[in-house]
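A look at the structure
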Amino acid sequence: MGIAEDEIKKLENGNCAENSVFFQAMEEVIYSIAPLLESDDKYKRHAVLERLVVPDRIIKFKVTWMDDKQQIQVNTGFRVQFNNALGPYKGGLRFHPSVNEGILKFLGFEQILKNALTGLPIGGAKGGSDFDPKGKSDFEVMKFCSSFMTELHKYIGARIDIPAGDIGVGAREIGYLFGEYKKITSTYEGVLTGKPFMFGGSLMRPEATGYGAVYFTETMLELEGKEPLAGKICTVSGAGNVALHAIEKLQHLGAIPVSCTDSKGTIYDARGVDLALLKDLKLEKRASLEEYIKGHPEAKYIPVEEYPEGAHAVWDIPCYAAFPCATQNELTDIDAQNLIVNGVVSVTEGANMPSTPKAIDDFLSHKICFGPAKAANAGGVAVSEFEMAQNASMSKWSFEKVDEKLKETMQQIAKWVALTAKDYGVEGNYVDGANIAGFKKVADAMIAEGI
Ligand code: NDP
Ligand code: 2IT
């Protein structure tokens, strides 16, 4: 049995159904870093892996709030503070009915290595709630956020743990959370990132993850000797923060993004997505994607249930580059086969862990350029760190400055990951490259800081 199998066997005991996504994320990392563990026994001697896969603490709390019908509602809130070897805990909050401890452990674990890859001084964390902001009034969202922060404020701080957005948490939610934190603690500090610009947010934070994923892809394509994105058909899933801004940057570069999705269906607009309409539907009206075809009857809307189980319409559209930007495990091995048969050249993960392990194996074995989430979507958290720097120095950076620094960061990550893969004998494998580079950075800090 190899070192990876040994380690995985030890961890399997804690693998209950809720932990399956956490286990999936860990397993990938363990296989990737096996050559590093074998090449230097200090990581085993210091039990770095055993320490890294256990969060520093998991905070779980009750959130009660009153809805607009004067009914009392009860939700569960969480913050998983995973690792602060490189800096204060940092990572988003997810509000979605599917949220549980296992999902937040997977996201927090990924965040440690992602944040390490940015090269910035930030540790890893994730949090959220099973609260569903969909269909709620602004007032209900505000009341939920206030109640959530009443508990969370005890555990966070500008130098302790700095939450941000994720699925279901955008500028509106961050604003309400910030307002409550300020009220309870009587402090005005950069305790959350993704704030609206008017009270301490960074320009370009909303755009950062999507733009960053596209910048990453351009660098990866160049490093791998492939043609750039200009003029190429691209497919994108999701219709939220990450997807909308990936589409926007693709359009800036002259590429043709032709799709987007939400939890109910897929839009395929062969002439290119109408971004202004999409933003109006999703950001202003918070409407279903089905509404898109009212403005563009020639586009196709494919409801989720009209597609065979385990496959997704969006990945059956021929494209040069694919950008899964919705949620975990949204791109299966069936989808991967469809993309490969249709001639895909690159796949970039804007979402966290959107491709299943089998799908990733297929991409790698077919030499598709594959940008894994923890490297490719690190632009969001990188600009969050820029927001922290601006807050700490009471300054404001221009859009151009943030954009330039974001681009530079994404290019550096892609090059570092590619170089690490080459150094460890797996040239072109950005999954192994990202896992080894991120792990090594955190592990060396953990060893230097003692137990
Ligand atoms: P949003 O809430 O803005 O948008 C999420 C999108 O994904 C929506 O279109 C939503 O559709 C769809 N979606 C969510 N859950 C599901 C599901 N179970 N099945 C199908 N579709 C689903 O979130 P973000 O754009 O911020 O996040 C998208 C992904 O990117 C997540 O994986 C997140 O962790 C990751 N990410 C986000 C960053 C950020 O800065 N925001 C940074 C790095 C990664 P519907 O509205 O119908 O639910
Ligand atoms: O998954 C992610 O990187 C995020 N949701 C953003 C985290 C952050 O702190 O900006």
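In case you missed it, the structure is sitting above this.
Quick summary incoming for the structure in this document. Every value quoted in this text rests on a predicted model; they were computed, and no experiment measured them.

Lining the immediate surroundings of ligand 2 are 14 residues, of which Lys-90, Lys-114, Lys-126, Asp-166 and Ser-384 lie closest. Lys-114 places a polar side-chain atom, nitrogen or oxygen, 2.7 Å from an oxygen atom of ligand 2. Within the contact set of ligand 2, an oxygen atom lies 2.6 Å away from a side-chain nitrogen or oxygen of Ser-384. For ligand 2, whose free accessible area comes to 290 Å², the fraction covered by protein is 94%. Elements that contribute at least two residues to the shell around ligand 2 include exactly strand S3 (89-95), helix H5 (101-117) and helix H15 (379-392). Class assignment for the residues of the shell around ligand 2 results in 2 nonpolar, 7 polar and 5 charged.

With that settled, consider the packing of aromatic side chains. In total, this model carries 18 aromatic pairs according to the counting rule given. When the centroid spacing of 5.3 Å and the interplanar angle of 90° are considered together, the rings of Trp-65 and Phe-131 count as edge-to-face. Taken together, the residues Trp-65 in strand S1 (residues 57-66) and Phe-131 in the loop between strand S4 (124-129) and helix H6 (138-152) connect sequence positions 66 residues apart. Neither residue differs from the other here; Trp-65 and Phe-131 are each classed as buried. Geometrically, the ring pair formed by Trp-65 and Phe-144 is edge-to-face, given 6.3 Å between the ring centres and 85° between the ring planes. Here Trp-65 is found in strand S1, whereas its partner Phe-144 is found in helix H6, with 79 residues between them in sequence. The pair Trp-65 / Phe-144 is uniform in exposure class, with both members buried. Taken together, the aromatic side chains of Phe-61, Trp-65, Phe-95, Phe-131, Phe-144 and Phe-148 make up a single cluster linked through ring pairs. Over the ring of Phe-386 we find Lys-405, and its NZ or CZ is 5.4 Å from the ring centre.

Definitions and limits used
Residues numbered from 1 in each chain as written. Chains lettered and ligands numbered in written order. Predicted model: local features only at pLDDT ≥ 70, side-chain atom pairs only at ≥ 80, totals over all residues. Heavy atoms only, no water. Near = heavy atom within 4 Å. Polar contact = N/O pair within 3.5 Å; in protein donor to acceptor, adjacent residues only side chain to side chain. Areas by Shrake-Rupley, 256 points an atom, 1.4 Å probe, with all protein chains shown as cover. Helix = DSSP H or I, 4+ residues; strand = E, 2+ residues; numbered from the N terminus. Nonpolar A, V, L, I, M, F, W, Y, C, P; charged D, E, K, R; others polar. Phe/Tyr/Trp six-rings, centres within 6.5 Å; stacked < 30°, edge-to-face > 60°. Buried < 20%, exposed > 50% of the residue type's maximum accessible area, 1.4 Å probe, protein only. Lys NZ or Arg CZ within 6 Å of the ring centre and 35° of its normal.

All we've got here are geometric facts, nothing functional implied.
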